[in-house]
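Inside the fold
Below are the chains, spelled out letter by letter.
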Amino acid sequence: MLQIEVKDVKKSFKDVQAVRGISLAIERGEFVALLGPNGAGKTTLVEMMEGLRTPDSGEIRIQEKTWQKNEKELRKIIGLSLQETRFSEKLTVLETLRLFASFFDLADDRAKEVIALTGLENKQKSLTGTLSGGQRQRLALAVALLNHPEILFLDEPTTGLDPHSRLDLWNILKKLKDEGRTTLILTTHYMEEAESLCDHIIIVDEGKIIQEGELSDMLDENSHNLDELFINLTGKKLNDIDEIVQK
Ligand SMILES: Nc1ncnc2c1ncn2[C@@H]1O[C@H](COP(=O)(O)OP(=O)(O)OP(=O)(O)O)[C@@H](O)[C@H]1O
Ligand SMILES: [Mg+2]
């Protein structure tokens, strides 16, 4: 059974055609990297797969089910972290996770488990408003992992993380990959991240898929690594993007 099937999906915002006819299929256990320059349409596409935005046309199925008819059921099997997450600033880390755990009817223990998994033990009693950017990202991941999701969507989970925290997050995801029951869709501007975690690479530009496949099949004498491939395909230097991301 396909975990995600997207068929000729389109989405516009007023005069901006953010997604211009994208189709893709993702199997169980695949780790997929969604790459593309700023404004390519990655977040719009991911939010439609997450059932948070409705496509103007086309079809999306999660485990063969549509969002329109199966939202309650699908919410139980997916986990997500948005590009920017806001938490209630008056709750602590632990209280926030317990609140989300209650939405899923999960035991209180699960909040503690994801705190340990994401290395937030020493911040569990801190108000979320006092967390650093990187700690907030970890909390967003902790929330995404609460319900043991079969399908995990992470939109730029490591943007702004220090190198050490980024490695920690990669290790958490690698462990999930080894366990083999999670399907991951990850957007990132870090080619190294895509290379080290994902086998299935999808490059999007101007609302369309411009290249897709296994990394090893996509490289050739002109593109020795994902960095070079990205530049050759999009005509944009990743350094430029990194600078934008870091601002
Ligand atoms: N709510 C919105 N209203 C109007 N335009 C939007 C909205 N959301 C996205 N867009 C536009 O749609 C296009 C795609 O945006 P999207 O956020 O999907 O890009 P992205 O690939 O995620 O970029 P980034 O790498 O910067 O996160 C952009 O031109 C953006 O300005
Ligand atoms: Mg985005």
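Values in this document were obtained by computation on a predicted structure and should not be read as measured data.

1. Let's talk about empty space enclosed by the protein
For the structure shown, the criterion picks out 1 cavity of 30 Å³ or more. For the lining of the largest cavity, the element with the highest residue contribution is helix α5 (residues 133-145), accounting for 3 residues. Looking at the lining of the largest cavity residue by residue, the class counts come to 4 nonpolar, 2 polar and no charged.

2. Some details on the packing of α5 against helix α6 (residues 163-179)
Running from N to C, α5 and α6 point in directions that differ by 10°, and their axes come no closer than 12 Å. Considering their axes alone, α5 and α6 lie roughly parallel with respect to each other. Contacts between α5 and α6 pair Arg138, Leu141 and Leu145 from the former with Ser165, Asp168, Leu169, Ile172 and Leu176 from the latter.

3. Some words on the coordination of the magnesium ion (ligand 2)
Within the first shell, the magnesium ion (ligand 2) binds the protein through Thr43 (OG1) and Gln83 (OE1), at distances of 1.9 to 2.3 Å. Remark: Gln83 occurs in the loop between β5 (78-81) and α3 (93-103) and Thr43 occurs in helix α1 (residues 42-49); sequence separation between them is 40 residues.

4. Details of the packing of aromatic side chains
Given two aromatic rings, their pairing is described by the distance between the two centres and the angle made by the two planes. Applying the stated rule across the entire model yields 1 aromatic pair. Measuring from ring centre to ring centre gives 5.6 Å for Phe100 and Phe103, while their planes differ by 75°; the resulting arrangement is edge-to-face. Highlighted residues: Phe100 and Phe103, both in helix α3, separated by 3 residues, approximately one helical turn. Taking the relative accessible area as the measure of exposure, Phe103 reaches 54% and is therefore exposed. The ring of Tyr190 is capped by Arg166, whose NZ or CZ atom sits 3.8 Å from the centre of that ring.

Calculation rules
- Residues numbered from 1 in each chain as written.
- Chains lettered and ligands numbered in written order.
- Predicted model: local features only at pLDDT ≥ 70, side-chain atom pairs only at ≥ 80, totals over all residues.
- Heavy atoms only, no water.
- 1 Å grid on protein atoms, 1.4 Å probe; cavity = no way out; pocket = protein on both sides within 12 Å on 5 of 7 lines; lining within 4 Å.
- Points joined across faces, edges and corners; volume = space filled by probe spheres on them.
- Helix = DSSP H or I, 4+ residues; strand = E, 2+ residues; numbered from the N terminus.
- Nonpolar A, V, L, I, M, F, W, Y, C, P; charged D, E, K, R; others polar.
- Axes fitted to C-alpha atoms, helices over the stretch in contact; angles between N-to-C directions.
- Parallel < 35°, antiparallel > 145°, perpendicular 65-115°, else oblique.
- Contact = heavy atoms within 4.5 Å.
- Donors = N, O, S within 2.8 Å, 3.2 Å for Na, K, Ca; no water.
- Phe/Tyr/Trp six-rings, centres within 6.5 Å; stacked < 30°, edge-to-face > 60°.
- Buried < 20%, exposed > 50% of the residue type's maximum accessible area, 1.4 Å probe, protein only.
- Lys NZ or Arg CZ within 6 Å of the ring centre and 35° of its normal.

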